[in-house]
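# A closer look at the structure
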Amino acid sequence: MKKTSTRLADGRELIYYDLRDDTVRGVVDRRPLDRTVTTSEIRRDVLLGDSVAIASHRQGRTYHPPADECPLCPTRGERLSEIPDSSYDVVVFENRFPSLAGDSGRCEVVCFTSDHDASFADLTEEQARLVLDAWTDRTSELSHLPSVEQVFCFENRGEEIGVTLGHPHGQIYAYPFTTPRTALMLSSLAAHKEATGGENLFDAVLEKELAGERVVLEDEHWAAFVPYAAHWPYEVHLYPKRRVPDLLALDEAARTEFPQVYLELLRRFDRIFDRRDAGKEGARDGAEEGAGEPPTPYIAAWHQAPFGALEEFDGVTRDDFALHLELFTIRRTSGKLKFLAGSESGMSVFINDVPPERAAERLREVASS
Ligand SMILES: [Zn+2]
C-alpha cells in the first residue's frame, strides 16, 4: 500500500491509499473553493447524560446530485470533484460538511472505489483489504489528534438509510468523548468482570454464541452471528476470534482473512430479500413497489475501544474491549422498513419483528454456493 497525503483547495486534507507502490499523486485541486467554515458545537444533555452535535452548516450540503456531478467520482476533464486525480483506489478526505470539527473532533469520507456504480460487496478481496488498511491507518492517525477520544469507521448504504450520495463510500467520525454505546458496553464489561472474578464479557458472549444456533458464518480467524437480543430485523455481529481492542491490533492472519468473510456477509445481505418475491408481496399488500426494489439498505459499524482514559469503568482496560463490526439493515421485509417509532425513539426500547434465530437461518440459507 502507498499513502499520499495532500490538501484540497480549501485546506482540507485528502489522502490517497494506492495498491501499487509506484503510484504518483501530484494533481492539484483546481476548484475556487473558499476555506471551510464549520461551526459544529457539542451540547450535553444533563438529564440523559449524552451529547448532541449541533451542526447548522450541514443544511447546505450536497443532496442527491446527478451521477455526472458526483463529488466522489474522480475529476474527469473540467468536471472537478472532491478528488483532483483522474482515478484512485481508495481515498479519504475531510468532510466538507462535518458534524464534528475543530475541538469537537473530525469527520472524514472514505471512498471505497472510483467506480460510481459499484457497492462494497462488488469489491475484490484486494480492494477490500485496502479499505481495511485505510480504516486502520485513519484510526491510528485520528487517535493522535488532541481532541479525539474515539474513532468510529462506518458505512451507511442505501437511500432508505438517508444516504445522500450514491457513490460507494463510508465515513469516519472521530469523537472528542467516549460514545454512549461504547460507555454502556464498558460498564457491562466492568460489572461482569467484578461479578465473575475476572471473566471477560465479550469472550463469554462469543463463546456462547458460537456454540448456539445463531451462527451465520465461522472461519479460522473470524466469526459472525445474530445476537441473542438483536435490535434490528437482520443484524450480524462479526468478531475476530482473537480478542483485540481495535483495528490496529489485528494480526496479519486476521487481516488477510477479513476480505473474504466480510464480502460474503455483505453479499448475503443483498440476498436476504428475494427480489422475485418482492413483486408477490407487494401485490398481496396492494402496494406499488416490488420489481425494482433497491438493494438491501444497511449500516456497518466498527466498534473499537476508545483512546481516552477509562478510569470511570472500574477495573476495565482498553485490552478488555473486543473490536467487532455490527452490520444491520432497517428493512424487515420486501418494501417495508423498520422505523424508530414511539417505543424506540421515545423510550429506547426496540421492538424486533424478526426472531433472531430465523434471521440467522435466513442468512445461512443465502450463503454463496
Ligand atoms: Zn461517483
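All values reported here derive from a predicted model rather than from experimental measurement.

Listed as protein donors to the zinc ion are Cys70 (SG), Cys73 (SG), His116 (ND1) and His167 (ND1); their distances from the metal cover 2.0 to 2.3 Å. Around the zinc ion sit 4 donor atoms; with metal-centred angles ranging over 103 to 118 degrees, the donor geometry is tetrahedral. All donors of the zinc ion belong to a single chain; written as a sequence motif, their spacing is C-x2-C-x42-H-x50-H. Highlighted residues: Cys73 in the loop between β4 (50-54) and β5 (90-94) and His116 in the loop between β6 (106-111) and α1 (125-143), separated in sequence by 43 residues.

What follows deals with the pairing of strand β13 (residues 324-329). For β13, a buried count of 6 out of 6 residues is recorded, marking the element as mostly surrounded by other parts of the structure. Residues His324, Glu326 and Phe328 point to one face of β13 and Leu325, Leu327 and Thr329 to the other, with burial holding for every one of them. Of the strand pairs in this sheet, strand β11 (residues 234-240) and β13 are connected by 5 bridges, and their pairing is antiparallel. Residue Leu238 lies in a different strand from β13, and its bridge partner there is Leu325. In this sheet, β13 lies alongside strand β12 (residues 298-303) in antiparallel orientation, the contact comprising 5 bridges. Pairing of His303 across the sheet is with His324, part of β13.

Enumeration according to the criterion identifies 19 aromatic pairs in this entry. With a centroid separation of 5.2 Å and 80 degrees between ring planes, the pair formed by Phe154 and Tyr173 is classed as edge-to-face. Of the two residues, Phe154 sits in strand β7 (residues 150-157) while Tyr173 sits in strand β8 (residues 169-175), which places them 19 residues apart along the sequence. Each member of the pair, Phe154 as well as Tyr173, is classed as buried. Between Phe258 and Trp302, the aromatic rings sit 5.5 Å apart at their centres with planes inclined by 40 degrees, giving tilted as the arrangement. Here Phe258, found in helix α4 (residues 252-271), pairs with Trp302, found in strand β12; they are 44 residues apart in sequence, far enough to count as distant. Among the aromatic residues, those joined into a ring-pair cluster are Phe112, Phe120, Trp135, Trp222, Phe258, Tyr262 and Trp302.

What follows covers the confidence of the model for the protein. With 93% of its residues at a pLDDT of 70 or more, the protein shows a mean pLDDT of 91. Contacts for the low-pLDDT stretch residues 277-291, under 50 throughout, to residues beyond four places or in other chains number 12 contacts.

Another aspect to go through is helix α7 (residues 356-365). For α7, the full list of buried residues reads Pro356, Ala359, Ala360, Arg362 and Leu363. Looking straight down α7, one finds that the buried residues subtend no more than 160 degrees of arc, so they occupy a single side. Buried residues belonging to α7 abut β9 (215-218), β11 and α4.

Time to look at the pairing of strand β3 (residues 41-45). In this sheet, β4 lies alongside β3 in antiparallel orientation, the contact comprising 5 bridges. Of the residues in β4, the one forming a bridge with Asp45 is Asp50.

Further remarks concern the packing of helix α2 (residues 180-196) against helix α3 (residues 201-210). In a packed pair of helices, the relevant descriptors are the angle between the two axes and the axis-to-axis distance. In contact at an axis separation of 9 Å, α2 and α3 are set at 90 degrees when each is read in the N-to-C sense. The orientation of α2 relative to α3 falls into the category roughly perpendicular. Residues Met185, Ser188, Leu189 and His192 of α2 form the contact with α3, whose own contacting residues are Leu201, Phe202 and Ala204. Within the contact of α2 with α3, the residues separate by chemical class into 5 nonpolar, 2 polar and no charged.

The rules behind these values
Residues numbered from 1 in each chain as written. Predicted model: local features only at pLDDT ≥ 70, side-chain atom pairs only at ≥ 80, totals over all residues. Heavy atoms only, no water. Donors = N, O, S within 2.8 Å, 3.2 Å for Na, K, Ca; no water. Tetrahedral: all angles 85-135°; square planar, octahedral: opposite > 155°, others 65-115°. Helix = DSSP H or I, 4+ residues; strand = E, 2+ residues; numbered from the N terminus. Buried < 20%, exposed > 50% of the residue type's maximum accessible area, 1.4 Å probe, protein only. Pairing = 2+ DSSP bridges. Phe/Tyr/Trp six-rings, centres within 6.5 Å; stacked < 30°, edge-to-face > 60°. pLDDT = per-residue confidence, 0-100. Contact = heavy atoms within 4.5 Å. Arc of directions from axis to C-beta. Axes fitted to C-alpha atoms, helices over the stretch in contact; angles between N-to-C directions. Parallel < 35°, antiparallel > 145°, perpendicular 65-115°, else oblique. Nonpolar A, V, L, I, M, F, W, Y, C, P; charged D, E, K, R; others polar.

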